[in-house]
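Overview (structure and organization)
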Amino acid sequence: MSVAADEHRSRTGAGASEAVLNALPHPVICVSEDGRIVDVNVSAEAFFEASANVLRRRDIREFVPFGSPLVQLLEQARERHAPVNEYRVDLGTPKNGGERIVDIHVAPLSERPGVVVIVLQERTIADKMDRQLTHRGAARSVTALAAMLAHEIKNPLSGIRGAAQLLEQSANDEDRALTRLICDEADRIVKLVDRMEVFSDERPIEREAVNIHAVLEHVKRLAASGFGRNIRIVEEYDPSLPPVFANRDQLVQVFLNLVKNAAESIGDAADGEIQLTTAFRPGVRLSVPGSSTRVSLPLQFTVRDNGPGVPEDLMPHLFDPFVTSKPTGTGLGLALVAKIVGNHGGIIECESQPRRTIFRVLMPMFVGERRNTRS
C-alpha cells in the first residue's frame, strides 16, 4: 500500500473510528497480552481521571482495586476467544473517588491477536436514581404520618399541658417537679411534630435563579459562628457556574443540615475539615415530580468531611425517616434534605469511608431568559 493510501486510510478510516469511540459515553480500554493499556477513549480518561498519555503503556492493574475480577475477565476472554461479561463490579479506588459500580464487557480484538477490548458501563448514576425514588417514597410516608400526628396528637397534648399547669398551682414542691416534667415532655413532643409537619407541606415551591455560591457562603458564616467554629471550612468553587433553579431558603436549609451533620461527625477532632465544592457535570437527566418531562441535572454541589464516616449498616437507609446514629437525634434532618432535593427534581447521594464522607447534590440549572451560558 502506498504512503498516500496509508494517509488516506488514516484520515478517513482510523480518524473516523477514533471519533466514534470518543463519542461513546462509556469508557473503552484496549489491553495488550501483558496487561498494558494500549489505547483508551475520552470517557475512559474521565473515568480513571488520567490522560491517555498517562494511561497508555501502564498496567491495567494499577488503575483497578487489588484482586479485581476485571483481571480474571481479561484472561477468560483470551482463553475462550469469546466475549465475557460481569455485572455490578466495584472498580473504585482512592484515586478515582471511592465507589464506582460498573458492568464490565470484555471481548478479544480479532484484528490484533492478544489484545482485548474492555467496555465499562457505569451503574452508579442509575443506582442513585433508583435510591432517590426510594427516598421520595419514604418522604411521602412521613408526609401522611405528619398530617395525622398534627391532628391527632397536638390537640390532646395542649389539653394535657393545660391540665398540668393547673395542677402545678396547688401542688407541693415534689408534685410540682412532676407537673413540670409533664409540661416539658409535652413541649418536646410538640416540637417533634412541628418538625414532621414540614413534610406535609405540598404547596408548589417558589423557585428562581439562585447563586449557589452566595447560599454556601451564608451557610459557611452560620457554621463558623456556631457549631463549626473550631472546624476548617474550605471552598473549591467553579466561578463560571450558572445559577441553580431553586428556592433559596430551602437550599440554605439543605446545606446547613449537611454542614451541621459533617461538623457533628468530626466532633472535637483537631484536624477537622469540611470542603464545599461546586462543579458542572452534564449528562444526568431525571423526571421532575408531577411532570412527564425530564430535566438535565448538570450542577453538582458536594459537602465533604474527614470525620469517621457513616456506619455501613446505615448507608442503605441514610435518607429514611427516623434513621440516625446520634444518641439524641430524631433522624428527620437527612429525610427532610432528601425531600427538598427531590421536590426540586434533583438527586442526593452519599459516599462514605473513614475520613472521607461526601454528600453529593445534583440539581437543575436556571433556564430562563437571563441564564448564564457555557461554551
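The following refers to the structure shown. The residue numbers shown here count from 1 along each chain, following its written sequence. Totals for whole chains, interfaces and linings use all residues, but because this is a predicted model, local features are given only for residues with pLDDT of at least 70 and pairs of side-chain atoms are given and counted only at 80 or more. Only hydrogens and water are set aside; all other atoms, that is, all heavy atoms of the structure, feed into the side-chain values.

1. As for the overall build of the protein
We apply this condition: A helix here means a DSSP run of H or I that spans at least four residues, while a strand means a run of E at least two residues long, and both kinds are numbered starting from the N terminus. Computed by Shrake-Rupley with a 1.4 Å probe, the accessible areas treat only the displayed protein chains as cover when residues are assessed.
Of regular secondary structure, the protein possesses 10 helices and 14 strands. Taken as a whole, the protein presents about 20600 Å² of accessible surface, with 53% of it coming from carbon and sulfur.

2. Concerning the sheet that holds strand S4 (residues 101-108)
Basically, it comes down to this: What makes two strands pair is DSSP finding at least two bridges between them. Only the stretch in contact is used when fitting a helix axis, every axis being a line fitted to C-alpha atoms; angles between N-to-C directions are given from 0 to 180 degrees.
Taking strand neighbours across the sheet as the criterion, the 5 strands line up as S2-S1-S5-S4-S3 in an open arrangement whose pairing is antiparallel. At either end of the open sheet lies a strand with only one pairing partner, and these are strand S2 (37-40) and strand S3 (84-90). For this sheet, the mean angle separating the axes of adjacent strands, direction not counted, is 25°. Note: S4 against strand S5 (residues 116-122), 7 bridges, orientation antiparallel. Residue proline 108 lies in a different strand from S5, and its bridge partner there is valine 116.

3. Side note on the packing of aromatic side chains
Put simply, the rule is: Two rings belonging to Phe, Tyr or Trp (six-membered ring only in the last case) form a pair when the distance between their centres is within 6.5 Å. Interplanar angles under 30 degrees mark stacking, angles over 60 mark edge-to-face geometry, and anything in between is tilted. Residue burial is assigned from relative accessible area. The probe radius is 1.4 Å, only protein chains are included, and a residue is buried under 20% of its type maximum, exposed over 50%, and partly exposed in between.
In this structure the tally under the stated criterion is 4 aromatic pairs. An angle of 70° between the planes, with centres 6.1 Å apart, marks the rings of phenylalanine 255 and phenylalanine 301 as edge-to-face. In this pair, phenylalanine 255 sits in helix H9 (residues 248-266) while phenylalanine 301 sits in strand S12 (residues 299-305), placing the two residues 46 residues apart along the sequence. Taken individually, phenylalanine 255 and phenylalanine 301 each receive the classification buried, so the pair is uniform in this respect. One aromatic cluster in this structure is built from Phe47, Phe48 and Phe63.

4. A few points about the nonpolar core
Inclusion rule: Buried Ala, Val, Leu, Ile, Met, Phe, Trp, Tyr and Cys residues form a nonpolar core when they are joined through side-chain atoms within 4.5 Å. Two residues form a contact once any of their heavy atoms are found within 4.5 Å.
With 40 residues, the main nonpolar core has Ile212, Val244, Leu251, Phe255, Leu258, Ile274 and Ile348 as its most contacted residues. If you list the elements that add at least two residues to this core, you get helix H8 (212-224), strand S8 (244-246), H9, strand S9 (273-280), S12, helix H10 (333-343), strand S13 (347-353) and strand S14 (356-363). When residues in this core are grouped by element, the largest group, 9 residues, is from H9. Once residues within four sequence positions are removed from consideration, leucine 258 is found in contact with Val303, Leu334, Val337, Ile348, Phe359 and Val361. In terms of nonpolar packing, the next biggest core, distinct from the first, is built from 26 residues, Ile37, Ala44, Leu55 and Ile104 among them.

5. Details of the pattern of salt bridges
Stated precisely, the cut-off is as follows: The rule for a salt bridge is simple: a side-chain nitrogen of Lys or Arg has to be within 4 Å of a carboxyl oxygen of Asp or Glu.
Tallying each qualifying case throughout the model produces 12 salt bridges. Here aspartate 173 and arginine 176 are joined by a salt bridge, their closest N and O atoms 2.8 Å apart. Residue aspartate 173 and its partner arginine 176 are located together in helix H7 (residues 173-197), separated by 3 residues, close to a single helical turn. Of the charged contacts, one joins glutamate 351 and arginine 360 as a salt bridge, the two residues approaching to 2.9 Å between their closest N and O atoms. Grouping residues by exposure puts glutamate 351 and arginine 360 together as buried. Among the charged side chains, a salt-bridge network with shared partners connects Glu168, Arg180 and Asp184.

6. Considerations on the packing of H9 against H10
Stated precisely, the cut-off is as follows: Here a crossing is called left-handed whenever its near helix is offset anticlockwise from the far helix by less than a right angle, and right-handed whenever the offset is clockwise. Nonpolar residues are Ala, Val, Leu, Ile, Met, Phe, Trp, Tyr, Cys and Pro. Charged residues are Asp, Glu, Lys and Arg, and all others, Gly as well, are polar.
Axis separation between H9 and H10 bottoms out at 10 Å; the angle between their running directions is 145°. Seen from above, H9 lies across H10 with left-handed handedness. Of H10, the residues touching H9 (which contributes Gln250, Gln253, Val254, Asn257, Leu258 and Asn261) are Gly333, Leu334, Leu336, Val337, Ile340 and Val341. Residues that form the contact of H9 with H10 fall into these classes: 7 nonpolar, 5 polar and no charged.

7. Concerning the packing of H8 against H9
Defined as follows: The labels follow the angle: roughly parallel below 35 degrees, roughly antiparallel above 145, roughly perpendicular from 65 to 115, and oblique for the rest.
Between H8 and H9, whose axes approach to 9 Å, the crossing angle comes to 45°. Comparing the axis directions of H8 and H9 gives the class oblique. For the element pair H8 and H9, the recorded crossing hand is right-handed. Where H8 approaches H9, its residues Ile212, Ala214, Val215, Leu216, His218, Val219, Leu222 and Ala223 are matched on the opposing element by Arg248, Leu251, Val252, Phe255, Leu256 and Val259.

8. Side note on the environment of valine 215
Position of valine 215 among the secondary structure elements: in helix H8. Along the chain, valine 215 and glutamine 253 lie 38 residues apart, while their C-alpha atoms are 9.7 Å from each other. The contacts of valine 215, once residues within four sequence positions are left out, are Val210, Arg248, Leu251, Val252 and Phe255.

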